[in-house]
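# Summary of the model geometry
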Amino acid sequence: YYTVTKVADPNKIPNSALVAGRDIKFTISLKAKVDLHEIVITDQMVSEKPGSPAFSITVPNPPCSIPASIAKDETKSCEFTKNIINGTHVFDDEIITNTVNVVAKTEEDNLIVDYVQAYVTIGNAQTPGTPGSGGPTLPPGGEVCGDMFIFLGAWGQQESTTVNSV
């Protein structure tokens, strides 16, 4: 029904850069494979180090503006910037995971829910998918994907499929 991608720039930052702070630009793109409407995007961001609790980073919701309707074969993108600086929380050697969630309806009013993640490696943190990192294991091709849920009419009628690439 659609493809959602998310890119972080930069996706690797030295620990020393966070003393003064560093902007990270996140770009979200949504490509419609069918006509979509009632599109809603939300975003969440956490920073983690294996063995430590996750630290939630505040981001606006929605993080940026994508039109509420997109025609088949159209791609719409938006971006937002988040400044990361060491302060009460020190991000040294952590992984920042930024997740965008997308909910949209098809012409038949089927509700489609999907998400994708972008990662930023701080310092010498183990990259997601590295054995023993505590992060998700990357599938062949190195892309991290979620599950796409297709809701047919009512919440009780759910079909689930795993997305292996975006």
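Overview of the structure. (Residues numbered from 1 in each chain as written. Predicted model: local features only at pLDDT ≥ 70, side-chain atom pairs only at ≥ 80, totals over all residues. Heavy atoms only, no water.)

## Concerning the overall build of the protein chain
Helix and strand content of the protein chain: zero helices and 10 strands. Ordered by position in the sequence, the α and β elements of the protein chain form the string β-β-β-β-β-β-β-β-β-β. Within the protein chain, the proportion of its 166 residues that are buried is 39%. Within the protein chain, counting contacts between residues at least 6 apart in sequence, those at least 24 apart form 66% of the total. Approximately 8600 Å² of the protein chain is accessible, and the part contributed by carbon and sulfur atoms is 50%. (Helix = DSSP H or I, 4+ residues; strand = E, 2+ residues; numbered from the N terminus. Buried < 20%, exposed > 50% of the residue type's maximum accessible area, 1.4 Å probe, protein only. Contact = heavy atoms within 4.5 Å. Areas by Shrake-Rupley, 256 points an atom, 1.4 Å probe, with all protein chains shown as cover.)

## Some words on the nonpolar core
Counting 33 residues, the largest nonpolar core has Ile-28, Ile-41 and Ile-96 as the members making the most contacts within it. When contributions to this core are tallied by element, the ones reaching two or more residues are β1 (2-9), β3 (22-32), β4 (36-48), β6 (75-84), β7 (95-106) and β8 (111-122). With residues near it in sequence (within four places) discarded, Ile-41 still touches Ile-28, Pro-62, Pro-63, Cys-64, Ile-66, Cys-78, Val-100, Asn-101 and Val-102. (Core = buried A, V, L, I, M, F, W, Y, C linked by side-chain atoms within 4.5 Å.)

## What to know about the pattern of salt bridges
Side-chain pairing between opposite charges can occur once the charged atoms of the two side chains come close. By the definition in use, this model includes four salt bridges. Ionic pairing is found between Asp-43 and Lys-6, a salt bridge with its closest N-O pair at 2.4 Å. Taken as a pair, Asp-43 in strand β4 and Lys-6 in strand β1 lie far apart in primary sequence, 37 residues in all. Here Lys-76 makes a salt bridge to Glu-74, at a shortest N to O gap of 3.7 Å. Relative accessible area serves as the criterion here: at 28%, Lys-76 is assigned to the partly exposed category. (Salt bridge = Lys/Arg side-chain N within 4 Å of Asp/Glu carboxyl O.)

## With respect to the side chain of Asn-15
Structurally, Asn-15 can be placed in the loop between β2 (12-13) and β3. For Asn-15, the side chain forms a polar contact with the side chain of Asp-93, separated by 3.0 Å. Those residues in contact with Asn-15 that sit more than four places away from it in its chain are Asn-86, Asp-92, Asp-93, Ile-122, Gly-123 and Asn-124. (Polar contact = N/O pair within 3.5 Å; in protein donor to acceptor, adjacent residues only side chain to side chain.)

## Comments concerning the pairing of β8
Extensive coverage of β8 is indicated by the burial of nine of its 12 residues. Note: β2 against β8, two bridges, orientation parallel. In the sheet register, Ile-13 faces β8, and the bridge partner there is Ile-122. Across 11 bridges, the pairing between β7 and β8 is antiparallel. If you follow Ile-96 over to β8, its bridge partner there is Val-120. (Pairing = 2+ DSSP bridges.)

In short, geometric facts, not functional conclusions.
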